Structures are given as C-alpha cells and as structure tokens.
Amino acid sequence: MNTIKLNHEWLNVLSDEFEKVYMQQLKAFLTEQKKLGISVYPIGNDIFNALNSTPISKVKVVIIGQDPYHGPNQAHGLCFSVQKGVPIPPSLRNIYKELNQDTGFNIPNHGNLQSWANQGVLLLNSVLTVNQSQAGSHQGQGWEKFTDRIITELNKQHQNIVYMLWGAYAQKKGANIDANKNLILKSVHPSPLSAYRGFLGCQHFSQCNSYLKNNNKSEINWQID
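Residues numbered from 1 in each chain as written. Predicted model: local features only at pLDDT ≥ 70, side-chain atom pairs only at ≥ 80, totals over all residues. Heavy atoms only, no water.

As a further point, take the sheet that holds strand β3 (residues 121-125). Sheet architecture is open: four strands sit in the order β3-β2-β5-β6, paired in parallel fashion. Where the open sheet ends on each side, the last strands, each with one partner, are β3 and β6 (183-187). Strand after strand, the sheet turns through a mean of 20° between neighbouring axes, direction not considered. One ladder, built from five bridges, connects strand β2 (residues 61-65) with β3; its direction is parallel. (Pairing = 2+ DSSP bridges. Helix = DSSP H or I, 4+ residues; strand = E, 2+ residues; numbered from the N terminus. Axes fitted to C-alpha atoms, helices over the stretch in contact; angles between N-to-C directions.)

Shown next, in the form of structure tokens:
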C-alpha cells in the first residue's frame, strides 16, 4: 500500500493510521494474497478511489457499502458502482429505480457512479478489497478499522453532511454519527431481497438535495450520462 497515492487532504487526516500495527498486518495479508496468485479487486490504483475522488473538504453525501464486487472488471473503488461495460448489479438497478421514481432520473445503460463521487458523494465501502469470486474474503483483516476512522474524522471535522445508511450493516457502521449536525437517512438495503420492504419509495435522493439546498450547498446532479 505504500505505492498507492492518497489524496493529500485525506492523507493529512489519516497518515497515522498507516503506521498502526493492524494496517501493517493488512498490507502483509494483501501481499500474501498476490504471492499466492490470487486476483484481488479492485486493482491497486483503485483501492482508494472513493477518497481520491472525494477529498474530505468536498464531502456532501456519504453512502456506505460493505464489500467490493468480486467479479472481473466490476469493482473500481466506489461502493455500488461498476465499471462501464459490466452488467448493472441488482442492488444498483434498484437504486436507479428509486431515483427514477423519486427524481425523474433517466436510467442509464451502465453502472459507473464516478460522476457522483466527483460531486462530493463519498461512495465508501467498509472493506476496500476482496478476492476474486470470494465475497467477503477480506472482512476482518483491518479495513473496517480504517473506514471507521474515516467516518469518525468526517463526524468530528464536518457537519451538514447527508449520510445514506441502507441496511443493518451500514446503520451499525454509522451508529455514532451526530444526528443533530447531519442528516441521517435510513432504509433497508436496496438488494432484491429487501428493496421492496422500504427502500423503494424512500425518497432519499430528493430529501438529500433539499437538505443540501437548505444548508447553502450545491445539490447533487444524480443524472448519469
């Protein structure tokens, strides 16, 4: 991980984290996976894409995911997002469906959410790497501590951020966010197993933009070309 460049704003905040024992152990774990010939996703330059695309001073919205997608050419460091040319995953299809109902969003033919990240939507997975074809294979290796620190620093240094916490995992991850200084939007996860129990119809995207506007922040253009 010492070869990966991290946005200077985040590096200023997180530099001490890279010196901790757990992060050294995580680095050793990732090195070992590669020595074993295992494909790890996303590729090295994309592991910190969420942070590099959305500097801490630019964060207006936080969406919390769990793990990167584990199929070839899918993950590129943004939760729920896949690279162009890859089929849109089921959860993202439901996100698009809700956006369409909520805002009149035109559903695109790809699942790349980079334009959201560029506007200040931190698309943060709790775990930032995964082995090919092995969902959850890097859980418990240290990434959770690292991403907890990211949320802690956001909560400490900034306010009037919209946090979208979809599903029990994300809600637990964001349990300590100050609800008096931020907008916390909760629903079930957008996966096909649960989306019809409250995600579809939640109107989180329009609520988000209303809150940003009321706090003198530019709204997110959710539309994707």
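Now that the structure has been shown, the text picks up again.
Turning next to the packing of aromatic side chains. Summed over the entire model, instances satisfying the criterion amount to 12 aromatic pairs. Arranged with centres 6.0 Å apart and planes meeting at 65°, the rings of tryptophan 166 and phenylalanine 205 form a pair that is edge-to-face. Pair noted here: tryptophan 166 is in strand β5 (residues 162-166) and phenylalanine 205 is in helix α8 (residues 204-214), with a separation of 39 residues, a long-range link. (Phe/Tyr/Trp six-rings, centres within 6.5 Å; stacked < 30°, edge-to-face > 60°.)

For the rest of this paragraph, the subject is helix α4 (residues 90-103). Look at α4: 20 Å from first C-alpha to last across 14 residues, which is about the 20 Å you get at 1.5 Å a residue. Looking only at α4, the buried set comprises Ser91, Leu92, Asn94, Ile95, Tyr96, Glu98, Leu99 and Asp102. (Expected span 1.5 Å × (residues − 1). Buried < 20%, exposed > 50% of the residue type's maximum accessible area, 1.4 Å probe, protein only.)

So, about the nonpolar core. In terms of nonpolar packing, the biggest core is built from 68 residues, with Trp116 and Phe146 touching the most fellow members. In contact with tryptophan 116, not counting residues within four places along its chain, are Ile63, Ile95, Leu99, Val121, Leu123, Phe205, Asn221, Trp222 and Ile224. (Core = buried A, V, L, I, M, F, W, Y, C linked by side-chain atoms within 4.5 Å. Contact = heavy atoms within 4.5 Å.)

What follows covers the side chain of asparagine 182. Its place among the elements puts asparagine 182 in the loop between α7 (168-173) and β6. Polar side-chain contacts of asparagine 182 include one of 3.1 Å to the backbone nitrogen of isoleucine 161. From its side chain, asparagine 182 meets the backbone oxygen of aspartate 178 in a polar contact 3.0 Å long. (Polar contact = N/O pair within 3.5 Å; in protein donor to acceptor, adjacent residues only side chain to side chain.)

On to the side chain of serine 191, then. Position of serine 191 among the secondary structure elements: in the loop between β6 and α8. For serine 191, a relative accessible area of 14% translates into the label buried. The contacts of serine 191, once residues within four sequence positions are left out, are Ser91 and Asn94.

Pairs can form between side chains of opposite charge once their charged atoms are near each other. Going through the model one piece at a time under the given rule, you end up with six salt bridges. Residue glutamate 153 pairs with arginine 149 through a salt bridge whose shortest N-O separation is 2.9 Å. Taken together, the residues glutamate 153 and arginine 149, both in helix α6 (residues 143-157) and four residues apart, mark about one turn of the helix. Taken individually, glutamate 153 and arginine 149 each receive the classification buried, so the pair is uniform in this respect. For glutamate 153, a relative accessible area of 6% puts it in the buried group. Connected through salt bridges with shared partners, the residues Asp16, Glu17, Lys20, Arg149, Glu153 and Lys156 form a single ionic network. (Salt bridge = Lys/Arg side-chain N within 4 Å of Asp/Glu carboxyl O.)

Across the interface, helix α2 (residues 21-35) lies against α6 with an axial gap of 9 Å and an inter-helix angle of 130°. By the angle class used here, α2 and α6 are oblique. Where α2 abuts α6, its residues Tyr22, Met23, Leu26 and Leu30 lie against Trp143, Lys145 and Phe146. Looking at the contact of α2 with α6, its residues break down into six nonpolar, no polar and one charged. (Parallel < 35°, antiparallel > 145°, perpendicular 65-115°, else oblique. Nonpolar A, V, L, I, M, F, W, Y, C, P; charged D, E, K, R; others polar.)

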